[in-house]
Amino acid sequence: MESRYLSTILEKHFIGPIKLDISLGPLTTLGVGGKADVCLWPATAEDLAYLYRIKAQEAFPLYILGGGSNVIISDKTLHGVVLCTRYMSSFSVERQSDKAYIEVGAGLPLSHLVAWSHRYGFSGLEFAIGIPGTVGGAVVGNAGVKGEAVSQAILWVETVDGEGHVCRWKKEDLEWGYRTSELRDKDVFVSSCGIELRAESIELVEAKMNEHWIKRSSQPYHYKSAGCIFKNPEGESAGRLLDISGCKGLRVGDAIVSEAHANFILNAGQATAADILALIEKCRKIVMERTGYMLELEVRIFELG
Ligand code: EPU
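Residues numbered from 1 in each chain as written. Predicted model: local features only at pLDDT ≥ 70, side-chain atom pairs only at ≥ 80, totals over all residues. Heavy atoms only, no water.

## Focus on the domain arrangement of the protein
One can read the domain layout of the protein as domain 1 (3-84), domain 2 (91-215) and domain 3 (238-302). When each unit is reduced to the centre of its C-alpha atoms, the spacing between domain 1 and domain 3 is 29 Å. On the side of domain 3, 14 residues touch domain 1, which itself brings 13 residues to the contact. Between domain 1 and domain 3, roughly 1,200 Å² of surface is buried when both sides are summed, and carbon and sulfur atoms account for 62% of that area. Seen at the junction of domain 1 and domain 3, the total is 0 salt bridges. Taken together, domain 1 and domain 3 are joined by 7 residue pairs in polar contact (both at pLDDT 80 or more). Taken together, the residues that form the side of domain 1 that touches domain 3 break down as 9 nonpolar, 3 polar and 1 charged. (Domains from an automatic or database assignment. Contact = heavy atoms within 4.5 Å. Buried area = accessible area lost by both parts, 1.4 Å probe. Salt bridge = Lys/Arg side-chain N within 4 Å of Asp/Glu carboxyl O. Polar contact = N/O pair within 3.5 Å; in protein donor to acceptor, adjacent residues only side chain to side chain. Nonpolar A, V, L, I, M, F, W, Y, C, P; charged D, E, K, R; others polar.)

If you want it as structure tokens, here you go:
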């Protein structure tokens, strides 16, 4: 696939921006990654449907990038198209007795939804305070904290498949797991979702948010990172296992295991994806040797096209 040719076809009908040869690092919270042949930001559902129709004819790899907070992008050029969801950020709400029914675009930052629920006093997403990324990413990865996850507030999810067909799934018709959902395995794009929150006093919502915020205060949020690197094994904390295995402070190039919370790998300057991945493997091996646990990745790795 020739990227200039592809962008010429797309530009005919696309409203959102299309850029060639874009560095992906700045689009992620970790700040590493090579370039992509084509990067585009759909502005409407029609943009998406058009993109998928062209994909059905031209067959190119498509990578979906939300807030870029839970992903490690390879240093080499990604040959394919990166779809950035950030502009698909519609928001509408309907109040029915003590419930708020919210319809939200996949590209809206989760933090905006959390801020809205705080401002107007609606309960259900207090745990999500401080979780970076977009609503779409949070839905696909069922983002959460111990015992709570985004799926608890979801009513339905709307997806677009490879032929451009739009489908609305009820929450009950999808499987939801720990930091994952069935949506991950389907070859679909999450375009929007429905959320249900319950009316509550602003003070109570704020108190719950504060509780979660305090728990997060041990995490190094002021540094470049991809959040927690590994999933917690059942009944254990990956951070604790890494810590007791002596991983804090380990370093490959500018990639460093945080001293504050061992499940965070920081980009302390000019780290590359190769540095981060090498450090991940080093930590995995050490934890396996010292504790017997084989840690599983929570972050996604964008493979090369
Ligand atoms: N711990 C250590 N050393 C460390 C880190 C943690 O001993 O370096 C200990 C803590 O003292 C605590 C236990 O391990 O006793 C659990 O740590 P923490 O409360 O920080 O929770 P966690 O299980 O490490 C989970 C989520 C975080 C989320 C916090 C909120 C996962 C993999 N991690 O962390 O999510 O912010 O709970 O309390 O589920 C993320 O998903 O990106 C993420 C950071």
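## Considering the sheet that holds strand β16 (residues 224-228)
Strand order in the open sheet formed by 4 strands is β16-β19-β18-β17, with antiparallel pairing between adjacent strands. With partners counted over all chains shown, the strands left at the sheet margins are β16 and β17 (251-252), one partner each. Bridging between β16 and strand β19 (residues 264-267) involves 3 bridges; their strand directions are antiparallel. When the sheet's bridge partners are listed, Cys 228 is paired in β19 with Phe 264. (Pairing = 2+ DSSP bridges. Helix = DSSP H or I, 4+ residues; strand = E, 2+ residues; numbered from the N terminus.)

## So, the environment of Ile 229
Topologically, Ile 229 is positioned in the loop between β16 and α6 (238-244). Exposure remark for Ile 229: the relative accessible area of 1% places this residue in the buried category. (Buried < 20%, exposed > 50% of the residue type's maximum accessible area, 1.4 Å probe, protein only.)

## Re the packing of aromatic side chains
Going through the model one piece at a time under the given rule, you end up with 5 aromatic pairs. Ring centres 5.6 Å apart and planes at 55 degrees place the aromatic pair Phe 91 and Trp 116 in the tilted group. Residue Phe 91 is found in strand β6 (residues 91-96), and its partner Trp 116 is found in helix α3 (residues 110-120); the two are separated by 25 residues along the sequence. The exposure class of Phe 91 is partly exposed, given its relative accessible area of 32%. Residue Trp 116 is classed as buried on the basis of its relative accessible area of 12%. Between the aromatic rings of Tyr 221 and Phe 264, the centroid separation amounts to 5.8 Å while the plane-to-plane angle is 85 degrees, which identifies the pairing as edge-to-face. Of this pair, Tyr 221 sits in the loop between α5 (202-216) and β16 while Phe 264 sits in strand β19, and the two are 43 residues apart along the sequence. Judged by relative accessible area, Tyr 221 falls into the partly exposed class, the value being 32%. The buried category is assigned to Phe 264, whose relative accessible area is 0%. (Phe/Tyr/Trp six-rings, centres within 6.5 Å; stacked < 30°, edge-to-face > 60°.)

## With respect to the sheet that holds strand β3 (residues 62-65)
Strand order across the open sheet formed by 4 strands is β1-β2-β5-β3, with mixed pairing between neighbours. Of all strands in the sheet, those bounded by a partner on one side alone are β1 (18-23) and β3. Looking at each pair of strands side by side, their axes are set apart by 35 degrees on average, direction ignored. Direction of pairing for β3 relative to strand β5 (residues 78-84): parallel, over a ladder of 4 bridges. Pairing of Ile 64 across the sheet is with Leu 83, part of β5. (Axes fitted to C-alpha atoms, helices over the stretch in contact; angles between N-to-C directions.)

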